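Each chain, letter by letter, is given below.
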Amino acid sequence: MRIVVAASEMAPLAKTGGLGDVLGALPRAMAREGHDVRMFLPHYSSIDLSERKVTRIGSNLSIDVGGTAHEVTLNVVKDRQRGLEIILIGCDHYFKRASLYIDPETGKDYADNDERFILFNRAVLEACRAIGLRPDIIHAHDWQAALLPVYLKTLYANDEVFSGAHSVLTIHNLAHQGQFPGERFRLLKLPDRLFGAGEAVEFYGQVNFLKAGISFADKITTVSRRYAEEIQTGKFGCGLEGVLVNRKDDLSGILNGVDYSVWSPSRDKNIPYRYHINNLAGKRMTKVELLNAAGLPVREYAPLIGMIARLVQQKGLDLIAEAADRMMAMDIQFIALGTGEEKYHKLLTMLQEQYPDKVRVYLKHDEKIAHQIEAGADAFLMPSLFEPCGLNQMYSLKYGTVPIVNHVGGLADTIEPFNPERGTGTGFIFNEESPEAMLEAIEKMVHTYSRRRLWTGLMKNGMRQDYSWGRAVAGYIELFRSLKDQ
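Procedures and definitions
Residues numbered from 1 in each chain as written. Predicted model: local features only at pLDDT ≥ 70, side-chain atom pairs only at ≥ 80, totals over all residues. Heavy atoms only, no water. Helix = DSSP H or I, 4+ residues; strand = E, 2+ residues; numbered from the N terminus. Contact = heavy atoms within 4.5 Å. Expected span 1.5 Å × (residues − 1). Buried < 20%, exposed > 50% of the residue type's maximum accessible area, 1.4 Å probe, protein only. Pairing = 2+ DSSP bridges. Axes fitted to C-alpha atoms, helices over the stretch in contact; angles between N-to-C directions. Core = buried A, V, L, I, M, F, W, Y, C linked by side-chain atoms within 4.5 Å. Phe/Tyr/Trp six-rings, centres within 6.5 Å; stacked < 30°, edge-to-face > 60°. Lys NZ or Arg CZ within 6 Å of the ring centre and 35° of its normal.

Caption draft 1: Representation of the environment of Leu411 in the model. Looking at the element boundaries, Leu411 is found in helix H13 (residues 409-414). With 18 residues separating them along the chain, Leu411 and Ile429 place their C-alpha atoms 8.9 Å apart. The contacts of Leu411, once residues within four sequence positions are left out, are Met382, Ser384, Glu387, Cys389, Gln393, Val405 and Asn406.

Caption draft 2: Expanded view of helix H3 (residues 113-131). Under the 1.5 Å per step criterion, the end-to-end length of H3 is 27 Å for 19 residues, consistent within 8% with the ideal 27 Å. The element H3 is largely enclosed, with a buried count of 16 among its 19 residues. Positive backbone phi, approximately 70 degrees, marks Gly132, located one or two places after H3.

Caption draft 3: Region of the structure containing the sheet that holds strand E13 (residues 206-208). Taken in spatial order, the 3 strands make up an open sheet running E11-E13-E12, and their pairing is antiparallel. In this open sheet, the two edge strands, each paired with only one partner strand, are strand E11 (179-180) and strand E12 (202-203). Contacting E11, E12 and E13, helix H5 (residues 209-216) runs over the sheet at an angle of about 50 degrees to E13.

Caption draft 4: Inspection of the nonpolar core at higher detail. Core analysis: the largest hydrophobic core is formed by 183 residues, its most contacted members being Phe40, Ile214 and Phe334. Top element by residues in this core is H3. It accounts for 9 residues. Contacts of Ile214, omitting those with residues within four sequence positions, involve Leu169, Ile171, Leu174, Ile220, Leu240, Val243, Leu244 and Arg247.

Caption draft 5: The pairing of strand E4 (residues 61-65), seen in detail. Where burial is concerned, the two faces of E4 differ: the one with Leu61, Ile63 and Val65 is buried and the one with Ser62 and Asp64 is not. Sheet topology note: the E4/strand E5 (residues 68-78) ladder contains 5 bridges and is antiparallel. Across the sheet, the residue bridging to Ile63 is His70, located in E5. Linking E4 to E5, which pair antiparallel, is a turn of 2 residues; within it Gly66 sits at a positive phi near 60 degrees.

Caption draft 6: Quick look at the sheet that holds strand E20 (residues 402-406). Pairing in this open sheet of 6 strands is parallel, and the strands run E18-E17-E16-E19-E20-E21 from one edge to the other. Two strands bound the open sheet, and with one partner strand each, they are strand E18 (359-362) and strand E21 (428-430). Taking each pair of neighbouring strands and ignoring which way they run, the sheet shows an average axis angle of 15 degrees. For strand E19 (residues 379-382) and E20, the ladder comprises 4 bridges, and the chain directions are parallel. Bridge pairing in E20 places Ala379 opposite Val402. Sitting on the sheet, helix H14 (residues 435-449) is in contact with strand E16 (304-308), E19, E20 and E21, with an inclination near 165 degrees to E21.

Caption draft 7: Broad picture of unusual backbone geometry. Going from Ala11 to Pro12, the amide bond is cis rather than trans, its omega being 0 degrees. The phi angle at Lys189 is positive, at roughly 60 degrees, despite the residue not being glycine. As for its placement among the helices and strands, Lys189 is situated in the loop between E11 and E12. Residue class for Lys189 comes out partly exposed when judged on its relative accessible area of 40%. With phi around 50 degrees, Tyr204 is a residue other than glycine that occupies positive phi space. With respect to the secondary-structure elements, Tyr204 resides in the loop between E12 and E13. Judged by its relative accessible area of 73%, Tyr204 is exposed.

Caption draft 8: Geometry of the packing of aromatic side chains. Tallied over the entire structure, the rule returns 16 aromatic pairs. Centroid distance Phe117 to Phe120: 6.4 Å. Interplanar angle 85 degrees. Geometry classified as edge-to-face. A residue pair is termed a helical-turn pair when its members lie 3 or 4 positions apart in one helix, as Phe117 and Phe120 do in helix H3 at 3 residues. Neither Phe117 nor Phe120 differs from the other in exposure class; each is buried. Ring pairs connect the aromatic residues Tyr44, Phe95, Tyr101, Phe117, Phe120, Trp143, Phe180 and Phe209, which therefore count as one cluster. Positioned over the ring face of Tyr110 is Arg97, at 4.8 Å from the centre of the ring. For Arg360, the ring lying beneath its charged end belongs to Tyr362, and the centroid distance is 4.2 Å.

Written out as structure tokens, the structure is:
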């Protein structure tokens, strides 16, 4: 099939979180299956092409946004793994900036993010026309690409280039919807009827890109089976539960995969000692190095808990705040990595100051330290209030780092509760959003860690799990074929 994939991130070229990791792997995995895959990505100034061969496509495009014509360049990067073309949508006015979405001077979203991604969506379709690409499937990811299904059925409905095209919208996190003031609707150049009360683009008087995409896409997916069910409820639906219930027959969950060429302890170039399921010595040595680098004492019988997350409410930081002193009363150590809201920076910094021999915090994004925490920690804490899929718990399993998770979304789909009597399961799960429930799960982990043979069996249970991309790709291709064959 001819598949167009469009997203605002793709590792390693542009990444702020899990979306980048997924798009760094999924298009490549589909291309390896023999499909003609073109990946469209904004050409941010942060993208380093110094070691890549870049080819300019034909003449520049001109895209009108709000009455101003913007020149758009199309540059093709051949992926190192044959079969995938990455097409970079360049526009200096919108994409030559210090960061992807947030103005570093204000700490807030760029005020013209709607314009930036209107241009991106239009440019993807205009680029297909310019190069004569007639896609079977247009696969859009999150709100930044959610206008593609909308434009496909409105402005481009009679364009023969797209006469055989079907759209799929994948929601990676429903909380991020692309909402803008109602008066900005004119920028979309869509029929006025779509902004009537309760119509596809309108959401309580605002423009909502994601709602529009959900309303127009042929199929909607999200990144785990359980999350697909959760977002149809008031608790997890972020105000869009009604829209999603109306599309429930076209909504499904396909669990993300893991790129084991990057996230595997036997191949990881970012860790000091490699190891595998039959020889775990490298994990013990990596833990020692991690503790030494963090300035923490090496305590053989104290489990080291790792956490890598955006420091926001969604990730359960308030539970940690409430449980902190009781958590630190246990014989554990704790290393956290991430950035986010200032109040959580202060929380973790305070913990580090109060418990200097137990806590080390890295308030930054650092890929190398992230790999070393995954490999060197004994357990990995993910107390998320909601988690569409989650990747770190799947990374942790492969590294023999036992997950401690809340029973939500992809965490529930991937972690099986440990049963010490049977020796089955892969981690520790708590079933309610309370510090007491989280502490109970941590206490179970600490107790199990003291029983070395039992703990080693638990580690190996996780290391045997296979969440590679092959299963996920098969799910997407089956969905795409069902549309193509209609």
